[in-house]
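Read off the chains here:
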Amino acid sequence: MPDSPTPLKTNYHHGDLPQQAHQLALEILREHGDAAISLRALAKQIGVSAPALYRHFIDRESLLAELAVTGFEALRERLLAVDQSKPRRALIDIGLVYVSFAQDEPNLYRLMFGGRVLPRGVHPRLDTAGKAAFQVLEDTIARAQQAGYVKPMPLALMTAAAWSLVHGLSQLTIDGHLPSAKAEPHLAEGVVTLLLDGSVAEDEQPHKDTAS
């Protein structure tokens, strides 16, 4: 099996080049990590000149930022797919989906949250994509809190706590310090349930304000 990807065909439409480079870079990222990505090497594999590729990506970091945008968009789609009809279960499931994404895409996940490589404030599209994914988590926590399943703490603080839990668990599992969900299926759910207020039973209905 060859160590490097087979060069792609040189026939391409001008508008296809960014997508070709993006897809090839994503494949390299998944297999080898972001350190293996080079614009000049990508151009050679695609069969174009380096300046042709630099017209679409001004530098390596701009390409990495677009890969991270793809990651946040994919994460957001998975989070949005969680059934929100039962707020307590939704909060647990959204945490499980988050951890599952990290385990499915470890190198992409590392890039998405690698502030050293892609610092905040430098790539606006990346910041926007990250906030959009984070918003799904915050909205889920807000619904669970309104239903009485989460302690009545400030929403921003509760969201930060939830994110810290799932992100920490994700990082520890993909780095091999904790078992994956496949090896220890109850670990992730056990961690996520730490967010819940045990005074409210799972089958209780949300408290309604009867004041007029």
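Residues numbered from 1 in each chain as written. Predicted model: local features only at pLDDT ≥ 70, side-chain atom pairs only at ≥ 80, totals over all residues. Heavy atoms only, no water.

Q: Help me out: how do you make sense of empty space enclosed by the protein in this one?
A: One water molecule sets the probe size; rolling that probe over the atoms shows where empty space is left. This structure, assessed with the given rule, holds one cavity of 30 Å³ or more. Empty space within the largest cavity amounts to approximately 30 Å³. Around the largest cavity sit Val99, Gln103, Leu169, Thr173, Pro179, Ser180, Ala181, Glu184, Leu187 and Ala188, which together line it. Those elements that provide at least two residues to the lining of the largest cavity are helix 5 (87-104), helix 8 (155-174) and helix 9 (185-192). Grouping the constituent residues of the lining of the largest cavity by class yields six nonpolar, three polar and one charged. (1 Å grid on protein atoms, 1.4 Å probe; cavity = no way out; pocket = protein on both sides within 12 Å on 5 of 7 lines; lining within 4 Å. Points joined across faces, edges and corners; volume = space filled by probe spheres on them. Helix = DSSP H or I, 4+ residues; strand = E, 2+ residues; numbered from the N terminus. Nonpolar A, V, L, I, M, F, W, Y, C, P; charged D, E, K, R; others polar.)

Q: What is the right way to read the nonpolar core from this model?
A: Burial of nonpolar side chains together is a common tendency in soluble globular proteins. By size, the foremost hydrophobic cluster in this structure holds 60 residues, and its most contacted members are Ile37 and Leu42. Excluding residues that lie within four positions of it along the chain, leucine 42 makes contacts with Ala21, Leu24, Ala25, Ile28, Ile37, Leu53 and Leu63. (Core = buried A, V, L, I, M, F, W, Y, C linked by side-chain atoms within 4.5 Å. Buried < 20%, exposed > 50% of the residue type's maximum accessible area, 1.4 Å probe, protein only. Contact = heavy atoms within 4.5 Å.)

Q: I tried to follow the environment of serine 85 on my own but got confused; where do I start?
A: Relative to the helices and strands, serine 85 resides in the loop between helix 4 (60-80) and helix 5. It is 9.9 Å that separates the C-alpha atoms of serine 85 and arginine 143, two residues lying 58 residues apart in sequence. Side-chain polar atoms of serine 85 contact the side chain of aspartate 83, separated by 2.9 Å. (Polar contact = N/O pair within 3.5 Å; in protein donor to acceptor, adjacent residues only side chain to side chain.)

Q: Could you clarify how one ought to interpret the side chain of serine 62 in this entry?
A: In this fold, serine 62 is placed in helix 4. Take serine 62: its relative accessible area is 15%, and that puts it in the buried class. Within the structure, serine 62 has its side chain in polar contact with the backbone nitrogen of isoleucine 58 (distance 3.3 Å). One polar contact links the side chain of serine 62 to the main-chain carbonyl oxygen of aspartate 59, over a distance of 2.7 Å. Ignoring anything within four residues of it in the chain, the contact list for serine 62 reads Phe57 and His123.

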